[in-house]
Amino acid sequence: MVQELIVAITAACSASVIYVAAGARVVKQYERGVVFRLGRLAGEVRSPGFTMVVPFVDRLRKVNMQIVTLPIPAQEGITRDNVTVRVDAVVYFKVVDAANAIIQVEDYRFAVSQMAQTSLRSIIGKSDLDDLLSNREKLNQGLELMIDSPAIGWGVQIDRVEIKDVSLPETMKRSMARQAEADRERRARIINADAELQASKKLAEAAGVMSEQPAALQLRLLQTVVAVAAEKNSTLVLPFPVELLRFLERAQSGQPPVVAESQRERRPKAPSAEERQPAVEPVEPPAPPGRINGVPEALGLPEAFADTDGLGIPDTFGILGEPRVPVEPEGPEDSGNPDGFGTVDAYGNDADRSTTAAERAEPESPAG
């Protein structure tokens, strides 16, 4: 009898231990436990650690409270400026109310995923292509608000939403590449023009300084020669200074060296020839002298300079020979000239017949 009683007590204790073991639960640190007793929510959400439930009566569901990374599949849409794009994103969320996450929505993960996809399509249709490419922060904030609004009632909090990639058609990529290239070319030309403007101003200032000191131009030439001579793969042709050539030319011709403009201004100017010549009163020209035998009387020429042959040429030294006078022809019958005169040469001789000096008549002495 005692033995049977001991066996019954032992069996009851064993059943109790098994019953208690069946109701023991352990909730991890990152989880929360929701207990349903006969299908109804029983009490508060169980905290992490060891907890007990009624076996075969209570049902414990554990909810993960960690941040969940949920990728959104790529969504294809048309932007506000009629460009077809494919955009994918990622959503970071966590459960803040375990009871609502179990009671209010069947599967909060799937619900958040579908809400994120529809919100992403809506954002694509409301945005321009430039906003999708360059202004993503604003779009991320708008997408986060659109997903977070219905998720609050599910006990889910959207931590962050990021647009991950924007896929463009190949034609649009080429167009954007050409646009970017043209914009960079424009900026490069503007920068080059600005550099040319600044360089021209500096060169003008340098030219003004060098014009005051001609030696500075020679120093600049030597600096350029040194810079070019540093390269071993080029042939250097050194021009000869023009100033040195001019100096040697003046030295050879005996001319004084050229004085600088500043020194030239300091020296007093020498008086010109007109300034050195004293003033002379104008003298009236004498009356034209008379002429003797075609020779000016005022010259006092001797009689030998008289015109001896009547040709207007004075025979000074008798080199012209005897004086010759034109001889009149005998009559119109002696020549073929219808005017009655024969053909005469330069000395008045009849060209039809030859005459000698003895046959010529003596010339008449000139009058006066």
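So, a few notes on the structure that sits alongside this text.

Criteria and cut-off values
- Residues numbered from 1 in each chain as written.
- Predicted model: local features only at pLDDT ≥ 70, side-chain atom pairs only at ≥ 80, totals over all residues.
- Heavy atoms only, no water.
- Helix = DSSP H or I, 4+ residues; strand = E, 2+ residues; numbered from the N terminus.
- Buried < 20%, exposed > 50% of the residue type's maximum accessible area, 1.4 Å probe, protein only.
- Contact = heavy atoms within 4.5 Å.
- Areas by Shrake-Rupley, 256 points an atom, 1.4 Å probe, with all protein chains shown as cover.
- Core = buried A, V, L, I, M, F, W, Y, C linked by side-chain atoms within 4.5 Å.
- Axes fitted to C-alpha atoms, helices over the stretch in contact; angles between N-to-C directions.
- Parallel < 35°, antiparallel > 145°, perpendicular 65-115°, else oblique.
- Left-handed = near helix turned anticlockwise from the far one by under 90°.
- Nonpolar A, V, L, I, M, F, W, Y, C, P; charged D, E, K, R; others polar.
- Lys, Arg positive; Asp, Glu negative; His and termini not counted.
- Salt bridge = Lys/Arg side-chain N within 4 Å of Asp/Glu carboxyl O.
- Polar contact = N/O pair within 3.5 Å; in protein donor to acceptor, adjacent residues only side chain to side chain.
- Expected span 1.5 Å × (residues − 1).
- Arc of directions from axis to C-beta.
- Pairing = 2+ DSSP bridges.

### Re the overall build of the protein
Looking only at helices and strands, the protein has ten helices and ten strands in total. Sorting the 368 residues of the protein into buried and exposed places 21% on the buried side. The contacts of the protein with a sequence gap of at least 6 include a subset with a gap of at least 24, amounting to 54%. Counting only carbon and sulfur atoms, one obtains 56% of the accessible surface of the protein, whose full area is about 27600 Å².

### Remarks on the nonpolar core
Of all hydrophobic cores here, the largest spans 37 residues; its most connected members are Val85, Val91, Phe93, Tyr108, Val112, Val156 and Ile158. The set of elements that each furnish at least two residues to this core consists of β2 (31-37), β6 (68-78), β7 (84-95), α2 (98-103), α3 (108-126), α4 (129-134), α5 (136-151) and β8 (156-167). For this core, the element with the most residues is α3, which contributes seven residues. In this structure Val91 touches Val68, Thr69, Leu70, Ile72, Val112, Ala116, Ile147, Ile158, Arg160 and Val161, once residues within four positions along its chain are discounted. Ranked by size, the runner-up nonpolar core spans five residues in total, among them Val27, Val35, Val53 and Leu60.

### A closer look at the environment of Ser119
Within the fold, Ser119 resides in helix α3. Judged by its relative accessible area of 3%, Ser119 is buried. Sequence separation between Ser119 and Ile147 is 28 residues, and the spatial gap between their C-alpha atoms is 6.6 Å.

### Brief notes about the packing of α3 against α5
Axis separation between α3 and α5 bottoms out at 9 Å; the angle between their running directions is 140 degrees. Relative to α5, the element α3 is oriented oblique. Once α3 is placed against α5, the crossing between them reads as right-handed. Along its contact with α3, which presents Met115, Ala116, Ser119, Leu120, Ser122 and Ile123, the element α5 presents Leu139, Gly142, Leu143, Met146, Ile147 and Pro150. Residues belonging to the contact of α3 with α5 are distributed by class as follows: nine nonpolar, three polar and no charged.

### Here we look at the side chain of Asp88
Assignment of secondary structure puts Asp88 in strand β7. Despite its burial, Asp88 pairs with no opposite charge; the closest candidate is Lys164, at 4.2 Å N-O. Of note is the side chain of Asp88, whose polar atom sits 2.9 Å from the backbone nitrogen of Asp165. In this view, Asp88 contacts Ile72, Pro73, Ala74, Leu120, Ile163, Lys164 and Asp165; residues no more than four positions away in its chain are not counted.

### Section: the pattern of salt bridges
One pass over the full model with this rule turns up eight salt bridges. A salt bridge links Asp58 to Arg37, with the shortest nitrogen-to-oxygen separation between them at 2.5 Å. Of this pair, Asp58 sits in strand β5 (residues 58-64) while Arg37 sits in strand β2, placing them 21 residues apart in sequence. Judged by relative accessible area, Asp58 falls into the buried class, the value being 8%. The closest approach of N and O atoms between Arg160 and Glu162, which form a salt bridge, is 2.7 Å. On the basis of relative accessible area, Arg160 is assigned to the partly exposed category, the value being 45%.

### What about the environment of Val27?
Mapping Val27 onto the fold places it in strand β1 (residues 24-27). Look at Val27 and you get buried, because its relative accessible area is 3%. Separated by 34 residues in the primary sequence, Val27 and Arg61 have C-alpha atoms spaced 9.8 Å apart. What Val27 contacts, discounting residues up to four positions off in sequence, is Arg32, Gly33, Arg46, Ser47, Pro48, Gly49, Thr51 and Leu60.

### So, α5
Its 16 residues place the ends of α5 22 Å apart at the C-alpha level, agreeing with the 22 Å of an ideal helix rising 1.5 Å per residue. Along α5, the residues classified as buried are Leu139, Asn140, Leu143, Ile147, Asp148 and Ala151. Relative to the axis of α5, the buried residues are bounded by an arc of 160 degrees and lie together on one face. Of the exposed residues in α5, the ones pointing more than 90 degrees away from its buried face are Lys138, Gln141, Leu145 and Ser149. Looking at the buried side of α5, the elements it contacts are β7, α3, α4 and β8.

### Structural notes on the sheet that holds β6
Reading across from one edge, β6-β7-β8 is the order of the three strands in this open sheet, with antiparallel pairing throughout. Bordering the open sheet on either side are β6 and β8, each of which pairs with just one other strand. Between one strand axis and the next, the sheet turns through 25 degrees on average, direction left out of account. Bridging between β7 and β8 involves ten bridges; their strand directions are antiparallel. When the bridges of β8 are listed, Phe93 appears paired with Ile158. Contacts from α3 reach β6, β7 and β8, with the element oriented near 35 degrees to β6. Helix-sheet contacts for α5 involve β7 and β8, and the interaxial angle to β8 is about 140 degrees.

### A few points about the side chain of Glu31
Here Glu31 is to be found in strand β2. For the buried residue Glu31, which engages in no salt bridge, the nearest side chain bearing the opposite charge is Lys62, 4.3 Å off. Beyond its immediate stretch of four places on either side in the chain, Glu31 contacts Pro48, Lys62, Val63 and Met65.

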